[in-house]
Amino acid sequence: MSKSKMFESTLKTGGSGMADFVAIVLAAGKGTRMKSTLPKVLHEVGGKPMVKHVLDAAKASGSTRNILVIGFGGERVREVVGSDAEYKVQVEQLGTGHAVLETRDMLADYDGTVMVLCGDTPLLDEKLLTKLFFEHRNAGAQATVLTAIMPNPNGYGRVIRDQTGRVVKIVEQKDATPDELLVCEINTGIYCFESKTLFSLLSGITCDNAQGEYYLTDVIGMMVCGGGKVWAVAADDYQKTMGINSRAQLAEAEGILRQHKLTRLMDSGVTIMDLNSTFIDEEVNIAPDVIIYPFTWLEGKTTIGTGSVIGPNVRFTDTVVGENVTVHFTYAHQCRLCNNITVGPYVHLRPGTVLADNVKVGNFVEVKNTNVGIGSKIPHLSYVGDTDMGARVNIGSGTITVNYDGTHKHRTIIEDDAFIGCNTNLVAPVSVGKGAYVAAGSTITKNVPSEALGVARARQNNIADWTTKHKGRK
Ligand code: UD1
Ligand code: CA
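Quick caveat: nothing in here was measured; it's all calculated off a predicted structure. (Residues numbered from 1 in each chain as written. Chains lettered and ligands numbered in written order. Predicted model: local features only at pLDDT ≥ 70, side-chain atom pairs only at ≥ 80, totals over all residues. Heavy atoms only, no water.)

Let's shift gears to the environment of Thr-241. On the secondary structure map, Thr-241 appears in the loop between β11 (230-234) and α9 (247-267). Sequence separation between Thr-241 and Glu-86 is 155 residues; the distance between their C-alpha atoms is 24 Å. Ignoring any residue separated from it by four or fewer positions in sequence, one finds Thr-241 in contact with Thr-121, Leu-128, Leu-146, Ala-148, Met-150, Thr-188 and Ala-235. In this structure the side chain of Thr-241 is engaged in a polar contact, spanning 2.9 Å, whose partner is the backbone oxygen of Tyr-238. (Helix = DSSP H or I, 4+ residues; strand = E, 2+ residues; numbered from the N terminus. Contact = heavy atoms within 4.5 Å. Polar contact = N/O pair within 3.5 Å; in protein donor to acceptor, adjacent residues only side chain to side chain.)

Another aspect to go through is the coordination of the calcium ion (ligand 2). Within the first shell, the calcium ion (ligand 2) binds the protein through Asp-120 (OD) and Asn-245 (OD1), at distances of 2.6 to 2.7 Å. Of this pair, Asp-120 sits in the loop between β6 (113-118) and α5 (126-139) while Asn-245 sits in the loop between β11 and α9, placing them 125 residues apart in sequence. Judged on exposure class, the residue Asp-120 and its partner Asn-245 are both buried. (Donors = N, O, S within 2.8 Å, 3.2 Å for Na, K, Ca; no water. Buried < 20%, exposed > 50% of the residue type's maximum accessible area, 1.4 Å probe, protein only.)

Under the definition given, this model contains 7 aromatic pairs. Of the aromatic side chains, those joined through ring pairs into one cluster are Phe-21, Phe-133 and Phe-134. The residue whose ring lies beneath Lys-229 is Trp-231, and the NZ or CZ to ring-centre distance is 4.9 Å. In this structure, Lys-409 packs its charged tip against the face of Tyr-404, placed 4.9 Å from the ring centre. (Phe/Tyr/Trp six-rings, centres within 6.5 Å; stacked < 30°, edge-to-face > 60°. Lys NZ or Arg CZ within 6 Å of the ring centre and 35° of its normal.)

Here we take up the nonpolar core. The biggest cluster of nonpolar side chains holds 46 residues, and the ones touching the most others in it are Ile-286, Leu-337, Leu-349 and Val-361. Mapped by element, the contributors of at least two residues to this core are α9, β19 (314-317), β25 (347-349), β28 (365-368) and β38 (430-432). Beyond its immediate stretch of four places on either side in the chain, Leu-337 contacts Thr-319, Val-320, Val-321, Gly-322, Val-325, Val-327, Val-343, Leu-349 and Leu-355. By size, the runner-up hydrophobic cluster in this structure holds 45 residues, among which are Val-54, Val-81, Tyr-156 and Ile-190. (Core = buried A, V, L, I, M, F, W, Y, C linked by side-chain atoms within 4.5 Å.)

Interhelical geometry of helix α7 (residues 195-202) versus helix α8 (residues 218-225) gives an angle of 105 degrees and a closest axis separation of 10 Å. With respect to each other, α7 and α8 are oriented roughly perpendicular. Contacts between α7 and α8 involve Thr-197, Leu-198, Leu-201 and Leu-202 from the former and Val-219, Met-222 and Met-223 from the latter. Here the contact of α7 with α8 is composed, by residue class, of 6 nonpolar, 1 polar and no charged. (Axes fitted to C-alpha atoms, helices over the stretch in contact; angles between N-to-C directions. Parallel < 35°, antiparallel > 145°, perpendicular 65-115°, else oblique. Nonpolar A, V, L, I, M, F, W, Y, C, P; charged D, E, K, R; others polar.)

Turning our eyes to something else, we now look at the layout of surface pockets. Taken as a whole, the largest pocket holds about 1400 Å³ of empty space. Forming the boundary of the largest pocket are 48 residues, of which Arg-33, Lys-40, Asp-120, Gly-155 and Asn-245 lie nearest the centre. Among the elements of the structure, β1 (21-27), α4 (96-101), β6, β10 (185-194) and α9 are those that each provide at least two residues to the lining of the largest pocket. In terms of residue count, β10 provides more of the lining of the largest pocket than any other element does, 4 residues in total. No fewer than three residues from each of domain 1 (3-241) and domain 2 (247-454) sit in the lining of the largest pocket. In this model, the second largest pocket occupies a volume close to 360 Å³. If you go around the second largest pocket, you meet 16 residues; those closest to its centre are Leu-123, Leu-124, Asp-125, Leu-257 and Glu-282. At the level of secondary structure, the elements contributing two or more residues to the lining of the second largest pocket comprise α2 (50-60) and α9. With 4 residues, α2 is the single largest residue contributor to the lining of the second largest pocket. (1 Å grid on protein atoms, 1.4 Å probe; cavity = no way out; pocket = protein on both sides within 12 Å on 5 of 7 lines; lining within 4 Å. Points joined across faces, edges and corners; volume = space filled by probe spheres on them. Domains from an automatic or database assignment.)

A few words on the pairing of strand β22 (residues 330-333). Pairing between β19 and β22: 4 bridges, direction parallel. The partner of Arg-315 across the bridge, within β22, is Tyr-331. With 3 bridges connecting them, β22 and β25 associate as parallel partners. Bridge assignment links Tyr-331 to a residue of β25, and that residue is His-348. (Pairing = 2+ DSSP bridges.)

Tracing the backbone shows Glu-451 in the loop between β40 (443-444) and β41 (453-454). A C-alpha to C-alpha distance of 8.3 Å links Glu-451 and Ala-418, two positions 33 residues apart in sequence. Apart from the residues lying within four places of it in its own chain, the contact partners of Glu-451 are Lys-434, Gly-435 and Ala-436.

What follows is about the site of ligand 1. Taken together, 24 residues are adjacent to ligand 1, and Gln-90, Gly-95, Thr-96, Glu-172 and Asn-187 come closest. Interatomic distance of 2.8 Å between a backbone N/O atom of Gly-95 and an oxygen atom of ligand 1. At a separation of 2.6 Å, an oxygen atom of ligand 1 approaches a polar side-chain atom of Thr-96. Look at ligand 1: alone it shows 760 Å² of surface, and the protein chains cover 91% of it. In this structure, ligand 1 is accommodated by the largest pocket. (Near = heavy atom within 4 Å. Areas by Shrake-Rupley, 256 points an atom, 1.4 Å probe, with all protein chains shown as cover. Sits in = over half its atoms within 2 Å of the grid points.)

Laid out in structure tokens, this is it:
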């Protein structure tokens with residue numbers, strides 16, 4: 001490690017080694033104000049459930065164990081979070097203090113720092129939590145509260161300090177005096193505690209307050225009264241600690257996260273034409289020199305390679321896109337697009353579709369669970385499903401793969417250099433061999449051998465002078 005790197009890492013850790021703490025994330029509440037059957041912490045911000053944001057931030061900042069307190073909709077939370085956390089069920093939601101106390105048995109053998117977080121603060125980042133941990137450790141405090149100065153502190157607990165600036169207690173909005181309500185420094189609901197002191201004090205809290213709940217925040221006042229050291233760290237950016245209690249706050253958080261993502265992408269060399277109509281999920285990766293036109297949604301684990309031009313009006317979900325791909329007016333989900341491809345307008349690429357290099361798909365085309373080989377074209381008005389297509393194939397306008405017999409799906413095979421005439425039905429299972437042609441308007445039910453021409457339509461018969469005779473009759 002170079003000297004300057006070493007210095008940087010000393011700065012980051014405060015010279016006290018690695019962060020190590022147990023994270024307790026509170027996620028048992030219903031979130032009454034969301035008016036939802038979905039547990040609050042599963043509502044998504046940036047395409048990811050809020051509680052996952054919190055767990056990811058805790059892990060990234062050095063948590064050694066992650067305990068999730070679940071209750072309302074607990075099974076659904078467990079399904080979504082999976083093995084990313086250990087679980088404790090809080091059967092009755094009697095308050096944040098009660099929720100933390102529920103984890104006491106799981107931590108009976110632990111004597112160290114616990115970081116308590118709420119599952120409804122999706123904008124947290126690793127840097128902030130790392131800072132909280134090391135300030136707590138360096139201060140040698142029993143408890144350290146992460147605070148923030150909120151322009152609108154309404155709804156939050158207020159941090160009350162004495163004349164010397166020391167934290168004395170936290171009061172909830174509903175229990176605060178008019179003077180206390182004027183305080184703009186709020187409790188973010190994120191703290192570091194020394195575990196032994198925390199649990200011994202928690203067993204002594206009461207629910208003698210406006211909400212009849214066991215408040216975790218009461219522990220702070222109790223520590224101060226007992227002569228323990230309570231420390232506070234102020235977040236540099238209040239937005240990061242925003243707690244989500246309502247749909248309006250959910251939308252606000254979504255907007256903030258979205259702008260952060262777009263800013264990071266622009267900083268890394270991506271052109272975004274319109275910040276207001278571009279929606280890019282947290283985990284999407286985009287290479288430099290990609291241009292994103294308006295009204296574009298990039299979701300899930302989508303990635304885009306350099307030189308690609310995406311939009312307007314594109315929605316990609318879990319789709320991997322290579323280099324120099326041009327796509328407009330298209331929806332693709334769970335697909336792979338290799339390099340130098342053009343797609344659109346009005347294309348639907350459904351799961352399992354892979355477009356090899358130099359493919360062209362456009363103008364009212366649906367492709368499903370299909371491999372399209374190098375340089376092949378599906379330029380107009382087609383449905384191609386459950387198909388394996390070789391290289392340099394040309395699919396004529398209006399071609400339909402008849403892949404479904406009402407019970408089963410069947411595959412169609414179209415080999416290299418085949419040419420399918422317009423308005424062809426390919427009744428699967430069926431194959432068209434290398435270099436074969438299919439005449440326009442054919443309904444192909446038998447395999448077409450390589451180099452053959454498959455014709456499957458009635459022969460044309462012209463009736464001479466039909467019009468004249470017909471008119472004469474009139
Ligand atoms: C809490 C804090 C408040 C702080 C705010 C920050 C208390 C008493 N108040 O208030 O000082 O400003 O967070 O956002 O702690 N939960 C449980 N079990 C329960 C109750 C709550 O797991 O019995 C969970 C909720 O699911 C939620 C978190 O704890 O994730 C916070 O609960 P919430 O009701 O949102 O607390 P606030 O009123 O926002
Ligand atoms: Ca809250």
